[in-house]
Amino acid sequence: MKKIILPLLMSVLTIPGFAQNTRPLTHSLYDGWKSVGERKISNDGKYIVYAVNPQEGDGEMVVQHVSSGYKKTISRGYSAVITEDSKYAIFKIKPVFQDTRQAKIKKKKPDDMPKDSLVIVQLGTDSIVKISRVKSFKVPEKAAGWVAYHLEKPLPDTSAKKKPAVDSLKLRIDMLSKLADSLIRKSLDSIKGNIEKEEVINAAKKAVREIYKKADELEESLFIADADGDEVPGAAAAIDGTELILKNLLTGTRQSFKQVNEYQFDEKANVLMLEIGKAAKDSNSKAMVILFHMQSGKTDTVLRGFNDAKNYVFDEAGKQLSFVAERDSSAKSLQKFYKLWYYKNGSDSASLLADKNTVGMKIGQTVSENAVLRFSKDGQKLFFGVAPVQPAKDTTLVDFELARLDIWHYNDDYLQPQQLRQLTQEQRRSFLSVIKPVTGKLLQLGDENTENIMMVDEGNADWVLAQSTKGNRSTIMWEGRAKAKAFVINTNNGERTYIKNNSFGNYQASAAGKYVYWYNPEMKQYFTYNVANGAIYNITATIKVPLYDTENDVPDFPSAAGAIGWVENDRYFIIKDEYDLWLVDPNGNEQPKNISNGYGRKNKTEFNYVKLDPDQRFFEANETILLTAQNKVNKEGGYFSASLNTVADPVKLDMGAYATGPLSKAKNSSVYLLQKATPAASELYVGTDMAQLTAVTDVAAQQKEYNWITTELVRWKMFDGKMSEGILFKPADFDPKKKYPVVFYFYERNSDGLYNYRVPAPSASTINIPYFVSNGYLVFDPNIYYKKGEPGESAYNSVVSAAKYLSTLPYVDSTKMGIQGQSWGGYQVAYLVTRTNMFRAAGAGAPVANMTSAYGGIRWGTGLNRQFQYEKTQSRIGANLWERRDLYIKNSPLFTADKINTPILLMHNDADGAVPWYQGIEFFTALKRLDKKVWLLQYNGEDHNLVERKNRKDLSVRLSQFFDHYLKGAKPARWMTEGLPATEKGRDWGLDVVE
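Please read these numbers as outputs of a predicted model, since none were measured by experiment.

K.L.:
Give a detailed account of the side chain of Asn909, specifying residues and quantitative values.
P.N.:
With respect to the helices and strands, the residue Asn909 is situated in the loop between strand E53 (904-907) and helix H15 (917-929). For Asn909, a relative accessible area of 1% corresponds to the buried category. Of the polar contacts made by the side chain of Asn909, one reaches the backbone nitrogen of Tyr939; its length is 3.0 Å. Once residues lying within four places of it in the same chain are set aside, the contact partners of Asn909 are Trp917, Leu937, Gln938, Tyr939, Glu942, Asp943, His944 and Leu946.

Following this line, the structure appears as structure tokens:
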């Protein structure tokens, strides 16, 4: 593996001569374009597993040693895990893409579709075991040596096919026996030849390994019968559930379980829980929950005879199991009552822990089947959910005779659309309750007024944190948020203590459960509530630098810079300002300490904490943490370390012309696996030294024959005299003596992404920058800075000033400039063409054209009313419609559509859940009436951004055809000149070019 130094790579890829003899990207390349996907690093840091996948088609999973030449590449792998002992990589294999495609074309039933396989790779060896038709697999979370895999329904079997399979098995067994004899003879010959004892032992070990390897391959590829002589799985009668295999990875032994519906290890692999279904044709068969003890091989029956069981959970020690089950004797009962069951190791069977009649259960409540069950970390408490008993369905009512309507009421907490969007969630809502298995004491903690409850200290604390916005929710319409009340609820007696604060803040519990904390956006300060004494403290009042986003430009409270976490035993709380880290006393007694010593602010570098251990809940007092960094001036990225027990400059590990990406660390060693990006590449790296990492992948090799992109940070003065910045994308074969057309793409502020890698992909809504640049365009993405009440003019100030600046550059063709944006960007495009004629063509996706009609509309994706967007957030009007009607009209492109002379391509889809579809219709019909050049692309059944890949490909072609015609003089496509009649829909797409 070669090492790549990023600054050197950047300089190579930005010189003009590098791209000689390259060709432009085409739309046909999208499907096969590869990117790095999922990745894992072993606990010992010696092995990595990662996927390299095309956008459509068959990818590959790579298993690799970080320093030796060991590497295995397996097609179509995904969902990988590395076992706790770093000895095995296990993952699934997708069916061949074309096989699945053909099955879809033939409209095969789900059971007849191609199925996944499973791969088990013994790391560092050539042992690769493949098992076909596997629907899922699991390994213990914190133990090694086991894997359980659940098989799909077997393929139909016939006796004619069965005999050859058995004959083949016998032949292979015979061959395996001969191989074993041969290997043993060689070992004996070695001894007779007086070879050193160590070599004899190694030869014997190799012989055994070969035998086991062959046995593995044989048994897995042709698993026909258990020791008791059961038939091939496909020959069995129809049953509830399918076969599950439990494999000991160290010994190779297997245990088969039939008719399995659900399965689950405890995290330390003491036991495996199995839900066994009943045979469909056996009236005496009963569903069972059993426990298989991994070490002894013994099986305990936990519960026998039920209709449905779910939500299985073990305690941390693996000695307690709980779940809910419904056992109504009448399968057609109109009401189903679930009960809470509990099993402790050594018990004869599960015991009933709670049902609707249990003492402590409120009248009209019952055990919920929808709530997640959780044991406290110490195993002393079990948290579960209760819900109101649902009335039995009235079977005398006939659907076609019933009125169907929604009634909107002025006192509703939520508008009807939001209620309907949340309907399933509300029907499944439960209220947290707790029970102590030892005493059986049940206590309901939540109710309609405290519906959101969080466990504290992993359930060990004697309180939970509850909060509710009930009574304040009407403000969501125009504020976009609601104030919440918070309560501390005692888990021993249910006593509630109200935290005397009604805030927009989000309440959280500290790691050890001593405090509740929140950021108050109105006051821009952090507060804590001391659970022991009930006192509330402003813990950041003495910090003089802003703890929030100072570049906030919406008429709402700025967001907090962020909280990082707690130091052990809740001794300190760590928060951020815009750049640096602070250690804060949660009781407000000690002065806050800037543990990064103001380095970030002095160097305009923003730090962010990297969590390396997902299970870590708090920091050690003397811990050294890893930080990502970005210089906000030159946009370079990097890594630093900082100590929590000193006030000192963070230690720079590496900094350069790249963007930082996902990072993980080996659990038991100081080996890192991370992704870095430049405009030229996005690759995986591995190593212990951030400044001397080794490149693992070379995905960028796929683009070497194509004209790629380079980036440049450009700064200019806007019309209001302030400086702005943006990213200029140039082709790698850029010639400063040529004149280039320019497309301006923008949204809000994107210049921090200077070093991001951009993938050529079909468009969900916006121009694909690599495609356009590779095909001879410049693309410019300017930052936009907003003023309250002036979103349209703010875009004009930023974008048009940028266009005028670029027009002065000798390589820019000022007569061939276009603009394109989606959603908020689409609105700005629509506004700009009412204010200037300097752009030859414009593309606007899902634009708001009329703020007065959009103001009262609904975001159908969430059911929320849109008023808050105009008053408080992105639209930035800062007043309601009746206070400043003039601003709504002034900023609406519809009212000045007669000023537009720029050809404009609109896209607005009929299932848009963000911007009402009628906004696109209003704008199109206005421009059509005014005899303007306008097209509207409406993708059927699509949302705000395109999801269907076929539609993305179509839009990509039309965007390039549109801009090529107006900015490069290409001949127009027929859909541009003639449109596409509804009579031709589905038969003709009009993409051919008019000669």
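K.L.:
Report on the environment of Lys717, specifying residues and quantitative values.
P.N.:
As for its placement among the helices and strands, Lys717 is situated in strand E45 (residues 709-717). Between the C-alpha atom of Lys717 and that of Ala802, which follows or precedes it by 85 residues, the distance is 8.2 Å. Setting aside its immediate chain neighbours within four residues, Lys717 contacts Lys722, Met723 and Ser801.

K.L.:
Report on the pairing of strand E13 (residues 271-276), specifying residues and quantitative values.
P.N.:
Two faces make up the sheet, and in a regular strand the side chains alternate between them. Burial within E13 is extensive, with six of its six residues counted as buried. The alternating pattern of E13 places Val271, Met273 and Glu275 on one face and Leu272, Leu274 and Ile276 on the opposite face, and all of these are buried. Here strand E12 (residues 254-265) runs beside E13; their pairing, made up of five bridges, is antiparallel. Following the sheet pairing, Glu262 is matched in E13 by Glu275.

K.L.:
Lay out the nonpolar core with the relevant residues and their values.
P.N.:
Of all hydrophobic cores here, the largest spans 56 residues; its most connected members are Phe744, Phe780, Ile819, Phe839, Ile904 and Phe923. Setting aside chain neighbours within four positions, we find Phe839 in contact with Phe744, Val799, Val800, Ala803, Met817, Gly818, Ile819 and Thr902. By size, the runner-up hydrophobic cluster in this structure holds 40 residues, among which are Ala677, Leu937, Tyr939 and Leu967.

K.L.:
Kindly report on the sheet that holds strand E30 (residues 515-520), identifying the contributing residues and their values.
P.N.:
Here four strands make up an open sheet; going across it, the order is E29-E30-E31-E32 and the pairing antiparallel. Of all the strands in the sheet, just strand E29 (508-509) and strand E32 (536-538) have a single pairing partner and so form its edges. By the bridge criterion, two bridges tie E29 to E30 in an arrangement that is antiparallel. Of the residues in E30, the one forming a bridge with Ala509 is Val516.

K.L.:
Can you lay out the confidence of the model for the protein chain for me, pointing to particular residues and giving the numbers?
P.N.:
With 89% of its residues at a pLDDT of 70 or more, the protein chain has an overall mean of 91. Low pLDDT (under 50) marks residues 1-19, which in the prediction has 39 contacts with non-local residues, meaning those over four places away or in another chain. Within the model, the stretch residues 219-239 combines pLDDT values under 50 with 42 contacts to residues more than four positions away or in other chains.

K.L.:
Talk me through the packing of aromatic side chains; I want residue IDs and the actual numbers.
P.N.:
Each aromatic ring pair is summarised here by two numbers: the centre-to-centre distance and the angle between the ring planes. Applying the stated rule across the entire model yields 41 aromatic pairs. Measuring from ring centre to ring centre gives 5.4 Å for Phe257 and Phe292, while their planes differ by 75°; the resulting arrangement is edge-to-face. Taken as a pair, Phe257 in strand E12 and Phe292 in strand E14 (residues 288-293) lie far apart in primary sequence, 35 residues in all. Under the relative-accessibility criterion, Phe257 is labelled buried at 8%. Ring geometry for Phe744 versus Phe839: centroids 5.9 Å apart, planes at 65°, classification edge-to-face. Taken as a pair, Phe744 in strand E47 (residues 740-745) and Phe839 in the loop between helix H11 (824-835) and strand E50 (841-845) lie far apart in primary sequence, 95 residues in all. Each of the two residues, Phe744 as well as Phe839, counts as buried. One Lys or Arg, Lys94, reaches over the ring of Tyr78 and ends 5.2 Å from the middle of that ring.

K.L.:
Got a sec to walk through the pattern of salt bridges? Specific residues and values, please.
P.N.:
If the charged atoms of two oppositely charged side chains come close together, the side chains can form a pair. Scanning all chains against the criterion turns up 45 salt bridges. Among the ionic pairs, Glu606 bridges to Lys576, the shortest N-O distance being 3.5 Å. With Glu606 in strand E37 (residues 605-609) and Lys576 in strand E34 (residues 573-576), this residue pair connects regions lying 30 residues apart in the sequence. Taking the shortest distance from any N to any O, the salt bridge between Asp954 and Arg958 comes out at 2.6 Å.

About the cut-offs
- Residues numbered from 1 in each chain as written.
- Predicted model: local features only at pLDDT ≥ 70, side-chain atom pairs only at ≥ 80, totals over all residues.
- Heavy atoms only, no water.
- Helix = DSSP H or I, 4+ residues; strand = E, 2+ residues; numbered from the N terminus.
- Buried < 20%, exposed > 50% of the residue type's maximum accessible area, 1.4 Å probe, protein only.
- Polar contact = N/O pair within 3.5 Å; in protein donor to acceptor, adjacent residues only side chain to side chain.
- Contact = heavy atoms within 4.5 Å.
- Pairing = 2+ DSSP bridges.
- Core = buried A, V, L, I, M, F, W, Y, C linked by side-chain atoms within 4.5 Å.
- pLDDT = per-residue confidence, 0-100.
- Phe/Tyr/Trp six-rings, centres within 6.5 Å; stacked < 30°, edge-to-face > 60°.
- Lys NZ or Arg CZ within 6 Å of the ring centre and 35° of its normal.
- Salt bridge = Lys/Arg side-chain N within 4 Å of Asp/Glu carboxyl O.

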